[in-house]
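Each chain, written out:
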Amino acid sequence: MARFVVVSNRVADPRKSAAGGLAVALGDALSASGGLWFGWSGTVVEGGTPGEGEVHTQHAGNVTLVTVDLCKEDHDSYYLGYSNGVLWPVFHYRLDLADFDAGYIGGYRRVNQLLARKLLPLLLPDDIIWVHDYHLIPMAAELRAMGCKNRIGFFLHIPLPPPLILAAVPQHEWLIRSLFAYDLVGFQSQADVDHFARYVGQEAGAETLDTHQFRAFGRKVQAQAFPIGIDVDEFAALTHGKDAQDMYQHMKKEYSRRRLLLGVERLDYSKGLPQRLKAFRELLKNYPENIRSATLIQIASPSREALDTYAGLRQELESLCGSINGDFGGLDWMPVRYIHRNVARKRLPGLYRVAAVALVTPLRDGMNLVAKEFIAAQDPADPGVLVLSRFAGAAEQLKEAILVNPYDTHGTAESIQLALQMPLVERQRRHQKLLERIRSQDIHWWRSSFLEALAACSPD
Ligand code: ADQ
C-alpha cells in the first residue's frame, strides 16, 4: 500500500478531540497506511530569514507530523497578504476587499518553495500526495520543478470564481497553470468545476479530453467536484454525549417560551452576517408576533483579526446587534445574543438541536459544514429547519433546505418566517431527505472518492 502524504497550511494532531471532522478524516487515512502530515507550524519567527524556517517532527501513532516555522516577513506576505488579502476575497467574489499589493506574491512563492524544499527529501517514490487549499496552489509545480514524480492531488476548499473575476488577480494565469502540475484537482461543487472549465477554455485554449480531463500548458489534468461532507455518525454520537446533552437541556429550559434561531461561523465577511442581522430585523418589523419570542443566537468566532477588514466587520456587527436590541428588546427579552467566541466542538450539537431554525446564509462559501452539522444533530421526530444561502456550495446538494438569496433582505425575512411556521410533517419530510444526502456523501465518501480518482489518474 502506497504511503499517504497530506500537505496543508496548518497541521492538526488527529488524536486530539478538538480536531474537527476534516482533521480526523485525513488522520484516519494517514493512520491506515502510515503517513506524513506536512505544513506550517503556526509559529512566526520575528526577524528570521525569508525563505528559511526550522523543521519540527512529531509522531502521533504511525502518523508523522512535520511542520516548518515561518519568519514574520514570509508569514505577512504569504498568509496575511496573498492568501487572505488576495485569494480569499477574490475567490469569494469580493474584489472590493482585495489588497493587490505587488509585494505579496514574492512571499507566497517563497513559502511554497520553502515548503516544497523541506518536503522533498521526506518523500518516498510511491507516496501519494494530497495538497489542500488556496495557500498552496503552486505546491505541486514547485515540487515538480525539483524533480518530484509522485502522484499529486489538490483540493480547493473555497470556491473558484468565474473567469472574469479570477482574471482580476494579477497572477491568474500563473495560478491556473500551476494547477496543471497536479494529476487531480478537486473542487467543492459543479459550479466551481464549470468555472475552471470556462477559464481554461477561454484563457488557455484548453482542450477538453473527456468530461473531467483537460489538456493545456503542455500537461493534462483531471478536474472534478468532490463535495466535502461531515462524519455523520461521529456527529450524531457527539449529539448524544454528555456535553451536548447538558447544553441542550440548559438551553431548552432557558428558552422554553421562545423560538431559537441560530447562526454559527467564523467572523468572516464571506458569511453574510450583517445581511442576516438585517433580515432578522426585517422579520421582527414585518411579523411582530415574533417579538418577545424569536431569539437569534449568533456565534461568530474570532478569525484573522490582524486584517483590517475583519476588525471593521466586527464593529459593524456589534453596532447592528446593539441597534436591533435597542429598537426591539425589552427588560425581559433581547432579540439578539451575539457571542464573539468559539463554542467547544462537544457542546455545539446541543445548541444545533435546540434551535428551531439555523441561519446559514453566506454570501459565498465553498461548501459550509455548519449546514451539514445542523442536519446531523436534529431530532428526526421534531427537527429544526435549515435556511441556507443559494451561494453556499452545500446548496447544490441540500435542495430540501429553504434556499435564500442573502442579498435580498425582504426575501430572506419571508423565508425565516416560513421556516418558523413550517408544520411538523413538512419539517420531518425535508429533514429525512437532507439526512440521506449528508449520509450518502459524508466525509469518508469524500476522502475515498478523491483518493480513488487520484489513484486511477493515468500518468501524463
Ligand atoms: P470555514 O470557512 O471555516 O471552512 P465551515 O465549513 O462552515 O467554514 O466550518 C468549519 C468548521 O468550523 C465546522 O466544523 C464548524 O462547526 C466549526 N465552527 C465554525 N464556527 C465555530 C464557532 N464559532 N465555534 C465552534 N466551531 C465553529 C472552509 C470553507 C468552507 C468549507 C470548509 C471545509 O470556507 O466552505 O466547507 O473549509 O472544506
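Shown above is the structure to which this text applies.
Cut-offs used in this document
Residues numbered from 1 in each chain as written. Predicted model: local features only at pLDDT ≥ 70, side-chain atom pairs only at ≥ 80, totals over all residues. Heavy atoms only, no water. Near = heavy atom within 4 Å. Polar contact = N/O pair within 3.5 Å; in protein donor to acceptor, adjacent residues only side chain to side chain. Areas by Shrake-Rupley, 256 points an atom, 1.4 Å probe, with all protein chains shown as cover. Helix = DSSP H or I, 4+ residues; strand = E, 2+ residues; numbered from the N terminus. Nonpolar A, V, L, I, M, F, W, Y, C, P; charged D, E, K, R; others polar. Domains from an automatic or database assignment. Pairing = 2+ DSSP bridges. Axes fitted to C-alpha atoms, helices over the stretch in contact; angles between N-to-C directions. Contact = heavy atoms within 4.5 Å. Buried < 20%, exposed > 50% of the residue type's maximum accessible area, 1.4 Å probe, protein only. Parallel < 35°, antiparallel > 145°, perpendicular 65-115°, else oblique. Left-handed = near helix turned anticlockwise from the far one by under 90°.

Engineer: So, the site of the ligand: which residues are in play, and what are the values?
Structural biologist: Surrounding the ligand, one finds 23 residues, the nearest of these being His 157, Arg 266, Asp 365, Met 367 and Glu 373. With respect to the ligand, the side chain of Arg 266 contributes an N or O atom lying 2.9 Å from an oxygen atom. Asn 368 has a polar backbone atom sitting 2.9 Å from an oxygen atom of the ligand. Look at the ligand: alone it shows 710 Å² of surface, and the protein chains cover 84% of it. For the shell around the ligand, the secondary-structure elements that each account for two or more residues are β11 (259-266), β12 (294-301), α12 (348-354) and α13 (369-377). Of the residues assigned to the shell around the ligand, the class counts are 10 nonpolar, 6 polar and 7 charged. Lining the shell around the ligand are residues from two domains, each supplying at least three of them: domain 1 (4-229 + 443-456) and domain 2 (232-440).

Engineer: Lay out the pairing of strand β8 (residues 207-210) in plain terms, naming residues and giving numbers.
Structural biologist: Note that β8 and strand β9 (residues 213-216) share 3 bridges and pair antiparallel. Within β9, the position partnered with Thr 208 by the bridge is Phe 214. The loop that links β8 with its antiparallel partner β9 comprises 2 residues.

Engineer: Give me the sheet that holds strand β7 (residues 184-187): which residues, what numbers.
Structural biologist: Pairing within the open sheet is mixed, and its 10 strands lie in the order β3-β4-β2-β1-β5-β6-β7-β10-β9-β8. A single partner strand is all that each edge strand has here, and the edge strands are β3 (55-60) and β8. Here the strands of the sheet are splayed against their neighbours by 25° on average, with no regard to which way each runs. Pairing geometry for β7 and strand β10 (residues 219-225), over 4 bridges, is parallel. Bridged to Gly 186 within β10 is Gln 224. Where helix α3 (residues 104-119) meets the sheet, it contacts β1 (4-10), β2 (35-45), β3 and β4 (63-71), and its direction lies at approximately 145° from that of β4.

Engineer: Residues and numbers for the pairing of strand β5 (residues 128-132), please.
Structural biologist: By the criterion of burial, β5 is predominantly enclosed, with 5 of the 5 residues buried. On β5, burial covers both faces: Ile 128, Trp 130 and His 132 on one face and Ile 129 and Val 131 on the other are all buried. Pairing analysis gives 4 bridges linking β1 to β5, with the strands arranged parallel. Among the inter-strand pairings, Phe 4 is bridged to a residue of β5, identified as Ile 128. The pairing of β5 with strand β6 (residues 151-155) spans 5 bridges and is classified as parallel. Within the sheet, the bridge partner assigned to Val 131 lies in β6 and is Phe 154.

Engineer: Lay out the side chain of Arg 304 in plain terms, naming residues and giving numbers.
Structural biologist: Relative to the assigned elements, Arg 304 resides in the loop between β12 and α11 (308-328). Looking at Arg 304, its side chain comes within polar contact range of the side chain of Asn 84, at 3.4 Å. Only 3.3 Å separates the side chain of Arg 304 from the side chain of Tyr 134, close enough to count as a polar contact. Every residue in contact with Arg 304, bar those within four places of it in the chain, is listed here: Tyr 79, Asn 84, Trp 88, Tyr 134, Arg 266, Asp 268 and Tyr 310.

Engineer: Residue-level account of the packing of helix α6 (residues 172-179) against helix α7 (residues 190-204), with values.
Structural biologist: Contact geometry of α6 with α7 gives a least axis separation of 12 Å together with a crossing angle of 115°. One way to sum up the angle between α6 and α7 is to call them roughly perpendicular. The crossing of α6 and α7 is left-handed. Only Phe 196, Tyr 199, Val 200 and Glu 203 of α7 make contact with α6, whose side of the interface consists of His 172, Glu 173, Ile 176 and Leu 179. When grouped by side-chain class, the residues that make up the contact of α6 with α7 number 5 nonpolar, 1 polar and 2 charged.

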